[in-house]
Amino acid sequence: QVQLVESGGGSVQAGGSLRLSCAASGYTVSGLCMGWFRQAPGKEREGVAGITRGGNTRYEDSVKGRFTVSRDNAKNTLYLQMNSLKPEDSAMYYCAAAGRDWYYARLTHYDYNYWGQGTQVTVSS
């Protein structure tokens, strides 16, 4: 049974940083494509960052240069380092795992099969 557990969310001021973690069980983070998504109230879930088995990464335009997705294979954990946070980054952040791999990471939610429960990120101005 696949289980993804996010942690690391919280409240920060604009310009601050947070690192989200996603601990996986029943799934190997280095095996297939994984991603981070976020959803703000009243908005659709959007892909933020993804990483393929081969290590190719992809980012949503608004987070390029500020967010970095990575993984620790030994800990079987996926990370999202978020720097220079803005109020518009406030959302529930979800870790997701796909049932397959692609050359380029997908950032569309319907491509992912497994989801964590989410961790809240709030950025104040």
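Residues numbered from 1 in each chain as written. Predicted model: local features only at pLDDT ≥ 70, side-chain atom pairs only at ≥ 80, totals over all residues. Heavy atoms only, no water.

1. With respect to the state of the cysteines
Our working rule: The disulfide definition used here is simple: a pair of cysteine sulfur atoms within 2.5 Å. Under the DSSP-based scheme used, a helix requires at least four consecutive residues in state H or I and a strand at least two consecutive residues in state E, with every element numbered from the N terminus. Each residue gets one of three labels from its accessible area relative to the maximum for its type: buried under 20%, exposed over 50%, partly exposed in between, using a 1.4 Å probe on protein chains only.
Taken as a whole and judged by the stated rule, the model has 1 disulfide. Paired by a disulfide, cysteine 22 and cysteine 95 hold their sulfur atoms 2.1 Å apart. Across the disulfide from cysteine 22 to cysteine 95, rotation about the S-S bond amounts to roughly -70 degrees, and the bridge is consequently left-handed. In this pair, cysteine 22 sits in strand 3 (residues 18–25) while cysteine 95 sits in strand 9 (residues 91–97), placing the two residues 73 residues apart along the sequence. Comparing cysteine 22 with cysteine 95, the two get one shared label, buried.

2. Regarding the sheet that holds strand 1 (residues 3–7)
For clarity, the threshold we go by: Here a strand pair is declared whenever DSSP counts at least two bridges between the two strands. Axis lines are fitted through C-alpha atoms, for helices just across the contact stretch, and the angle between N-to-C directions can take any value from 0 to 180 degrees.
Across the sheet, 4 strands lie side by side as 1-3-8-7; this open sheet has antiparallel pairing. What marks the edges here is a single partner per strand, and that holds for strand 1 and strand 7 (67–72). Ignoring which end each strand starts from, the neighbouring axes of this sheet average 15 degrees apart. Summarising the sheet, strand 3 and strand 8 (residues 77–82) pair through 6 bridges and their orientation is antiparallel. Residue pairing in the sheet places alanine 23 in a bridge with threonine 77 of strand 8.

3. Notes on the nonpolar core
Heads up, the condition is: Side-chain atoms within 4.5 Å are what join buried Ala, Val, Leu, Ile, Met, Phe, Trp, Tyr and Cys residues into a set we call a nonpolar core. Whether two residues touch is decided by their heavy atoms; if any such pair falls within 4.5 Å, the residues are in contact.
Of all hydrophobic cores here, the largest spans 28 residues; its most connected members are Met34, Leu80, Met82 and Tyr93. Where this core is concerned, the elements lending two or more residues are strand 3, strand 4 (34–39), strand 5 (46–51), strand 7, strand 8, strand 9 and strand 11 (119–124). Non-local contacts of tyrosine 93, meaning those with residues more than four positions away in its chain, are made with Glu6, Leu20, Phe37, Arg38, Val48, Phe67, Leu80, Met82, Gly118, Thr119 and Val121. Among the nonpolar cores identified, the runner-up in size contains 7 residues, and Cys33, Phe37, Ala96 and Ala105 belong to it.

4. Some thoughts on the packing of aromatic side chains
To keep it simple, the criterion reads: In this scheme Phe, Tyr and Trp rings, the latter by its six-membered ring, pair at centre separations within 6.5 Å, and the angle between planes marks the pair as stacked below 30 degrees, edge-to-face above 60, and tilted otherwise. Think of it as a cone above the ring: NZ of Lys or CZ of Arg counts as a charge over the ring if it is within 6 Å of the ring centre and within 35 degrees of the ring normal.
In total, this model carries 6 aromatic pairs according to the counting rule given. An aromatic cluster is defined as three or more aromatic residues linked by ring pairs; in this entry it consists of Phe37, Trp102, Tyr112 and Trp115. Against the face of tyrosine 94 rests arginine 45, its NZ or CZ located 3.9 Å from the ring centre. Taking NZ or CZ as reference, arginine 45 lies 4.8 Å from the ring centre of tryptophan 115, over its face.

5. Concerning the pattern of salt bridges
What counts, and what does not: For this document, the term salt bridge refers to a Lys or Arg side-chain nitrogen within 4 Å of an Asp or Glu carboxyl oxygen.
Evaluated as defined, the whole model comprises 6 salt bridges. Arginine 38 is the salt-bridge partner of glutamate 60, the closest N and O atoms lying 3.9 Å from each other. Pair noted here: glutamate 60 is in the loop between strand 6 (57–59) and strand 7 and arginine 38 is in strand 4, with a separation of 22 residues, a long-range link. Taking the shortest distance from any N to any O, the salt bridge between arginine 38 and aspartate 89 comes out at 2.9 Å. Of this pair, arginine 38 sits in strand 4 while aspartate 89 sits in the loop between strand 8 and strand 9, placing them 51 residues apart in sequence.

Structural measurements only, silent on function.
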